[in-house]
Amino acid sequence: MKILFFGTPKFSEIILGGLIERGFNVVGVVCQNDKPSGRGNKLVSPHMVEFAKGLNLPVYQFEKLSLYIEEFKKIDYTIAVTASYGKFLPKKLLDLHPCVNVHPSMLPVYRGSTPIQSALLNGDKVTGVSIMQTGVGMDDGDVFVQKEVEILPEDDYISLSPKLAEVGLDLLCETLEKIKNGTETKTAQDESKATFVKLIQKEDALLDFSCSAESQVNKVRAYVEDPVAFFLLGDDRIKVYKAVVATDVVGEAGKVIANKKRFLIGTSDGIFEILKCQVQGGKVLDAKSFLNGYRFKTMEIKL
RNA sequence: CGCGAGGUAGAGCAGCUCGGAAGCUCGCCGGGCUCAUAACCCGGAGGUCACAGGUUCAAAUCCUGUCCUCGCAA
């Protein structure tokens, strides 16, 4: 079985790396195009490009897949595996060979592009991974297998994502073996229970202290990799990388309480404690270091 | 040449406008006080002020170039 792998972010890398490690025959990697990015708007390749090259795999980057069907016909593969590729695969491409997808949620819940973030944002205690048939719709194909994964209170996107990838990898390998042997089974999703999650916008990451502290901590956990939860303190934009709900203090919504040791912000329900943050121009710092040098110009946050 | 901020003790910052003996908060080491402490008091170590040139009697501070870090936008 010759696998053509579709995937772009870190999540995909873990799965790709795992497939190789376990001896699966991956013949190539398709990932998204290079994009102008960062200061100077220089063209930057997805990290996957280097990763795949490091594994001596050919890398394909097509601007619009549907325009390159002929190219795909030239690639010698028998099955496609997708994992957070980032775009829909056109029907013409799916018709060439079977295609399975790794989706980090318990489908039909959290269909769409941000299932991991959504589970964290909603404060879920459990999420999971599904291996499914890749279809033309949004994550609505038949499911081969799925497995739950516990979300720990201290988990955030950065810690949870690899856990889901590892579980996804196991399930994927299992499924591929079955497909190879012709013993795979699949069941249709219950459409009535389907939920969708949307793309994340920058503004979604703006912390709102008129909400509960817990909900804003969840926002930090969900968006810690990108775009990173933030709030505005006077003219300063402060990104929050790690926060918890403080239970030993009281305070008023939108009011900052800060001393040499702790950086607290009142919310409508509970106290939001910042453990790791960054002001524009500065490095990411633990609260103590941040407080050592930061000069507060205001202690109020506009709600 | 997309816009912008910054590189000063182990950490985080001030000082730079108006050149003239390197400072603050924390950490660290030593001592003291306390039943005790993330408390308080006393003392101490630790910096070629990113790098390279230039101006000057004198440069962290002014000028030029280089390297590095970071925020925004896309």
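Residues numbered from 1 in each chain as written. Chains lettered and ligands numbered in written order. Predicted model: local features only at pLDDT ≥ 70, side-chain atom pairs only at ≥ 80, totals over all residues. Heavy atoms only, no water.

On to the nonpolar core, then. Residues Phe5, Ile15, Leu19, Val102, Leu172 and Leu176 are the most contacted members of the largest nonpolar core, which totals 48 residues. Tallying contributions element by element places helix α6 (residues 157-181) first for this core, with ten residues. Each of domain 1 (2-193) and domain 2 (202-293) gives at least three residues to this core. Not counting residues within four places of it along the chain, the set of residues in contact with Leu176 comprises Met1, Ile3, Leu19, Phe24, Ile79, Val81 and Val100. Grouped together as the second largest cluster of nonpolar side chains are 23 residues, Ala229, Ile238, Ala287 and Phe290 included. (Core = buried A, V, L, I, M, F, W, Y, C linked by side-chain atoms within 4.5 Å. Buried < 20%, exposed > 50% of the residue type's maximum accessible area, 1.4 Å probe, protein only. Helix = DSSP H or I, 4+ residues; strand = E, 2+ residues; numbered from the N terminus. Domains from an automatic or database assignment. Contact = heavy atoms within 4.5 Å.)

It is worth spelling out the domain arrangement of chain A at this point. Think of interface size as the accessible area that goes away when the parts come together; that is how it is often given. According to the domain assignment, chain A contains domain 1 (2-193) and domain 2 (202-293). Taking only C-alpha atoms into account, the centre of domain 1 sits 33 Å from that of domain 2. Tallying the contact residues gives twelve residues for domain 1 and seven residues for domain 2. A combined buried area of about 850 Å² lies between domain 1 and domain 2, and 59% of that area is made up of carbon and sulfur atoms. Applying the counting criterion to the domain 1 and domain 2 interface returns four residue pairs in polar contact (both at pLDDT 80 or more). (Buried area = accessible area lost by both parts, 1.4 Å probe. Polar contact = N/O pair within 3.5 Å; in protein donor to acceptor, adjacent residues only side chain to side chain.)

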